[in-house]
Amino acid sequence: DAKTTQPTSMDCAEGRAANLPCNHSTISGNEYVYWYRQIHSQGPQYIIHGLKNNETNEMASLIITEDRKSSTLILPHATLRDTAVYYCIVRHLMEYGNKLVFGAGTILRVKS
Amino acid sequence: DTGVSQDPRHKITKRGQNVTFRCDPISEHNRLYWYRQTLGQGPEFLTYFQNEAQLEKSRLLSDRFSAERPKGSFSTLEIQRTEQGDSAMYLCASSPRSGSGNTIYFGEGSWLTVV
């Protein structure tokens, strides 16, 4: 079962920052927060992951609250190509197999 | 391209026929996963291999489904006696055992339509 809660959908203006929230209030100390996105009809694409520190890469930034019960994925300058379903996933790296368990995700619509 | 490769990308089959999908993981990734995704839903886990050993199977993987990874490299997913409810996208993914946070990378999926 998914351990995260995300809004069903969000809109963002092109060129603006997209801030996608995720609640994971039952996260444990050995669980990472992963973000993937899925553009229509394609496989999920890895974006970023983190444990407790904020992380940034070429695609996005991940801000994790100090208590680790929630996080925000930030796309700094959203483009139309960022329209996708965004999945926030909590994953235990020490669990056998440590598969990803997907929820429903957030549909992000970037509008011009 | 060094990503996860899946073949075929699309398959239309008649109910009752058997179908097989192939997945070539990223080189040297010893973990391989199969997922299924229906329209409007997130991907659902089916099964997982570490090298050639199938270590976990979801209850979604009925007796008509079988997955293999004979030499610990590519994998196949076979569906026997297909049913209309099998229509979905079948996703393959791979990850290294350690390093890079064991990040899992997905292929582009194989679409199955059962008519």
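Novice: Describe the overall build of chain B, with residues and values.
Specialist: Along its length, chain B carries 0 helices and 11 strands. Against the 2.2 N^0.38 benchmark of 13 Å for 115 residues, chain B shows a C-alpha radius of gyration of 13 Å, consistent with a compact globule. The principal-axis extent of the C-alpha atoms belonging to chain B is close to 45 × 25 × 25 Å. Here chain B, with 115 residues, has 50% of them falling under the buried criterion. Carbon and sulfur atoms provide 42% of the accessible area of chain B, an area that totals close to 5800 Å². Here chain B contributes 14 positively and 13 negatively charged side chains, and the mean placements of these two sets differ by 4 Å.

Novice: Help me get a handle on the sheet that holds strand β4 (residues 45-50) of chain A, residues and values and all.
Specialist: Residues and elements named next belong to chain A. Overall, mixed pairing links the 5 strands, which are arranged β1-β9-β8-β3-β4 in an open sheet. The open sheet has two edge strands, β1 (9-13) and β4, and neither has a second partner. On average, each strand axis in the sheet is inclined to that of its neighbour by 25 degrees, with strand direction left out of account. Pairing of strand β3 (residues 31-38) with β4 involves 5 bridges; the strand directions are antiparallel. Of the residues in β4, the one forming a bridge with R37 is Q45.

Novice: I'd like a rundown of the environment of K14(B), residues and numbers included.
Specialist: Residue and element names in this part refer to chain B. For K14, the position within the fold is in the loop between β2 (10-13) and β3 (19-24). Overall, K14 belongs to the exposed group, its relative accessible area being 61%. Taking the C-alpha atoms as reference points, K14 and A93, separated by 79 residues in sequence, lie 27 Å from one another. The residues contacting K14, other than those within four sequence positions of it, are T82, V114 and V115.

Novice: How would you sum up the sheet that holds strand β2 (residues 18-23) of chain A? Please name residues and give values.
Specialist: Residue and element names in this part refer to chain A. With antiparallel pairing, the 4 strands of this open sheet are ordered in space as β2-β7-β6-β5. Edge positions in the open sheet fall to β2 and β5 (55-56), since each of these has one partner strand only. As paired strands, strand β6 (residues 61-64) and strand β7 (residues 70-75) are joined by 4 bridges and run antiparallel to one another. Its bridge partner lying in β7, S61 is registered against I74.

Novice: Explain the pattern of salt bridges to me, and be specific about the residues and the numbers.
Specialist: Tallied over the full model, the rule gives 9 salt bridges over all chains. Between E56(B) and K99(A) there is a salt bridge, with its nearest N and O atoms 2.7 Å apart. Linking E56(B) in strand β6 (residues 53-57) with K99(A) in the loop between β8 (84-92) and β9 (106-111), this pair reaches from one chain into another. The network of salt bridges with shared partners includes D11(A), R109(A) and K111(A).

Thresholds, definitions, all that
- Residues numbered from 1 in each chain as written.
- Chains lettered and ligands numbered in written order.
- Predicted model: local features only at pLDDT ≥ 70, side-chain atom pairs only at ≥ 80, totals over all residues.
- Heavy atoms only, no water.
- Helix = DSSP H or I, 4+ residues; strand = E, 2+ residues; numbered from the N terminus.
- Rg over C-alpha atoms; globule rule 2.2 N^0.38 Å.
- Buried < 20%, exposed > 50% of the residue type's maximum accessible area, 1.4 Å probe, protein only.
- Areas by Shrake-Rupley, 256 points an atom, 1.4 Å probe, with all protein chains shown as cover.
- Lys, Arg positive; Asp, Glu negative; His and termini not counted.
- Charge placed at Lys NZ, Arg CZ, Asp CG, Glu CD.
- Pairing = 2+ DSSP bridges.
- Axes fitted to C-alpha atoms, helices over the stretch in contact; angles between N-to-C directions.
- Contact = heavy atoms within 4.5 Å.
- Salt bridge = Lys/Arg side-chain N within 4 Å of Asp/Glu carboxyl O.

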